[in-house]
Amino acid sequence: MQKLRADLHLHSVLSPCGDLLMTPLEIVKKAEMQGIEVVALTDHNSAENVEVFKYHCEKHNLICIPAMEAETKEEIHILCYFPDLKALLKWQQHIYKKLPDQENDEDFFGPQIKCDYNDQFQSKVKRLLAAAADLSLEECLDRVQELGGIAVPSHLDRKHSIISQLGFIPTGLDIKTAEISKNTDQESVLKKFPFLKELQFMQNSDSHYLREIKAYQQLIVKEFSFAEFKKALQKKDGRKIELI
């Protein structure tokens, strides 16, 4: 088995809360400096920067998992990972149809910037991304699965999580792994929420600033592929997430 250092929750300048230095190439360069081998750009309700991010990852020999952080109508944040850009962009189309017909208030939320292959600001996404999509938690998980992807509930110990919004994880949901924030640890989370003991935890930087990028986990896989990644999230055949 291989152990691959991973940060799978990163925000670029496309996320309205992302710092203006969080361009795709600068994120890749910082991740490389930190010894991270697998990354995922998970902007809020959009994947406009993922193609450029993947391009720079390949140039720097980093593995890129196409991804997005979606927000359901319950205001739950969900990390959505896909096998390829095609599936991710289909998911983006679906999310865009479910977002409110409202423009971003840049003065309040911040700019939403799409970058080009030279890592320069190309354009601004006008639609409001810092909003809940008209999509239930169950619909979100089902649709991601239909597209060949896998979903992980974000930061259980923070706001906009499945715990903060519902207080529990509904039975019947096929969730084997959930994320905890970098500001806590597994023991603290289980002490507060002992009903989560059957879950495997992943932990990411959720970086909005370059200085925050860091690996908190390793993927234990035979060799990297999206199928192996899914097995790690499902804790199958010896594949798993190991916190470090």
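Residues numbered from 1 in each chain as written. Predicted model: local features only at pLDDT ≥ 70, side-chain atom pairs only at ≥ 80, totals over all residues. Heavy atoms only, no water.

1. Brief notes about helix α1 (residues 24–33)
Taken as a whole, α1 has its buried residues at P24, L25, I27, V28, K30 and A31. Along its buried surface, α1 packs onto β1 (2–10), β2 (38–41), α2 (50–59) and β6 (113–115). (Buried < 20%, exposed > 50% of the residue type's maximum accessible area, 1.4 Å probe, protein only. Helix = DSSP H or I, 4+ residues; strand = E, 2+ residues; numbered from the N terminus. Contact = heavy atoms within 4.5 Å.)

2. Quick word on the environment of I163
Secondary-structure assignment places I163 in helix α6 (residues 162–166). Between the C-alpha atoms of I163 and K231, which are 68 residues apart in sequence, the distance is 24 Å. Setting aside anything within four residues of it in sequence, one finds I163 in contact with L156, F168, I169, F193, F195 and L196.

3. Observations regarding the pattern of salt bridges
Going through the model one piece at a time under the given rule, you end up with eleven salt bridges. Across the salt bridge formed by E48 and K114, the nearest N and O atoms sit 3.5 Å from each other. Of this pair, E48 sits in the loop between β2 and α2 while K114 sits in strand β6, and the two are 66 residues apart along the sequence. Residue classification places E48 among the partly exposed positions, given a relative accessible area of 21%. Put simply, R143 and E146 hold a salt bridge, and the shortest N to O gap is 3.3 Å. With R143 and E146 both in helix α5 (residues 137–146) and three residues apart, this pair spans about one turn of that helix. (Salt bridge = Lys/Arg side-chain N within 4 Å of Asp/Glu carboxyl O.)

4. A few points about the packing of aromatic side chains
Tallying each qualifying case throughout the model produces seven aromatic pairs. A centroid spacing of 6.5 Å and a plane angle of 40 degrees characterise the contact between F224 and F229, whose relative ring orientation is tilted. Residue F229 is classed as buried on the basis of its relative accessible area, which comes to 0%. Their ring planes at 50 degrees and their centres at 5.8 Å tell us that F226 and F229 sit as a pair that is tilted. (Phe/Tyr/Trp six-rings, centres within 6.5 Å; stacked < 30°, edge-to-face > 60°.)

5. Observations concerning the sheet that holds β1
The strand order across the open sheet built from five strands is β3-β2-β1-β11-β12, with neighbouring strands paired in mixed fashion. In this open sheet, the two edge strands, each paired with only one partner strand, are β3 (63–64) and β12 (240–243). Relative to β12, strand β11 (residues 217–221) runs antiparallel, the two sharing four bridges. Looking across to β12, one finds that L219 is bridged to I241. Sheet contacts for α2: β2 and β3; angle to β2, the most-contacted strand, approximately 160 degrees. Contacting β1, β11 and β12, helix α8 (residues 226–234) runs over the sheet at an angle of about 115 degrees to β11. (Pairing = 2+ DSSP bridges. Axes fitted to C-alpha atoms, helices over the stretch in contact; angles between N-to-C directions.)

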